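As a plain string of letters, each chain reads:
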Amino acid sequence: MYKSVDIRDGSEVVILDPKWLRAVESLRILDRQDLLVCQGCNQSVRVRAGEERRPHFAHKHLLNCTYIDESAALRSARAVLYEWLVSKFGDSVMIEKKIDGDDFFRPVDCWVEKDSKAFAYWIFDTTLKPEKREQ
């Protein structure tokens, strides 16, 4: 996942945002203090930002979360879409937007609000079970 919540003030932390990419060490400090949590299950997350993979957050102890079914391909596609949308729409883009209600079993991948219009981008993974796809 690319978004976590800072429990001190409830603010969203998007690790792909350039301001956080420049401050990965600050995020690691918050990680060690257990101040970053998953927006889906409120469990602590760790910062994963190395040389080989795109920076992201991962659960420290995954018990039960809506993000459990996400494949690496889905996360990668979400990041590419987010980066492209940000290049076109800037701060109008949100990643992993959580929608209240039972209709969505996971967050919308990318959400753009521009000129009083909203666009939702939801990526469907081929590994998604038919029951979930139909839902």
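Residues numbered from 1 in each chain as written. Predicted model: local features only at pLDDT ≥ 70, side-chain atom pairs only at ≥ 80, totals over all residues. Heavy atoms only, no water.

Visitor: Report on the sheet that holds strand S2 (residues 11–14), specifying residues and quantitative values.
Guide: In sheet architecture, strand pairing relies on hydrogen bonds along the backbone and comes in two forms, parallel and antiparallel. Within the open sheet, the 3 strands sit side by side as S2-S1-S3. Their pairing is antiparallel. Each having just a single partner strand, S2 and strand S3 (36–37) make up the two edges of the open sheet. (Pairing = 2+ DSSP bridges. Helix = DSSP H or I, 4+ residues; strand = E, 2+ residues; numbered from the N terminus.)

Visitor: Before we move on, could you go through the nonpolar core and cite the residues and values that matter?
Guide: Membership of the largest hydrophobic core comes to 27 residues, with the highest contact counts inside it found for Leu16, Leu27, Leu36 and Phe57. Broken down by secondary-structure element, the contributors of at least two residues to this core are S2, helix H2 (24–32), strand S4 (45–48), helix H3 (72–89), strand S6 (93–97) and strand S7 (108–114). Top contributing element to this core by residue count: H3, with 4 residues. Non-local contacts of Phe57, meaning those with residues more than four positions away in its chain, are made with Met1, Tyr2, Lys3, Ser4, Val13, Ile15, Leu27, Leu36, Val45, Arg46 and Val47. (Core = buried A, V, L, I, M, F, W, Y, C linked by side-chain atoms within 4.5 Å. Buried < 20%, exposed > 50% of the residue type's maximum accessible area, 1.4 Å probe, protein only. Contact = heavy atoms within 4.5 Å.)

Visitor: Just give me the short version of H3, but keep the residues and values in it.
Guide: With 18 residues, H3 extends 25 Å between its outermost C-alpha atoms, agreeing within 8% with the 26 Å of an ideal straight helix rising 1.5 Å per residue. Taken together, the buried positions of H3 are Leu74, Arg78, Ala79, Leu81, Tyr82 and Leu85. Buried-residue contacts for H3 involve S2, S6, S7 and strand S8 (117–121). Immediately beyond the C-terminal end of H3, within one or two residues, lies Gly90, with a positive phi of roughly 60 degrees. (Expected span 1.5 Å × (residues − 1).)

Visitor: Before we move on, could you go through the environment of Val14 and cite the residues and values that matter?
Guide: Mapped onto the elements, Val14 comes out in strand S2. The exposure class assigned to Val14 is buried, which follows from its relative accessible area of 13%. The spacing of Val14 and Met94 is 80 residues in sequence and 8.8 Å in space, taken between C-alpha atoms. Residues within four places of Val14 in sequence aside, it is in contact with Tyr2, Lys3, Trp20, Tyr82 and Ile95.

Visitor: Got a sec to walk through the sheet that holds S6? Specific residues and values, please.
Guide: With respect to topology, 3 strands assemble into an open sheet ordered S6-S7-S8, the strand pairing being antiparallel. With partners counted over all chains shown, the strands left at the sheet margins are S6 and S8, one partner each. Each neighbouring strand pair of the sheet contributes to a mean axis angle of 25 degrees, computed without reference to strand direction. Bridge count between S6 and S7: 4 bridges; the pairing is antiparallel. In the strand pairing of S7, Met94 is matched with Trp111. (Axes fitted to C-alpha atoms, helices over the stretch in contact; angles between N-to-C directions.)

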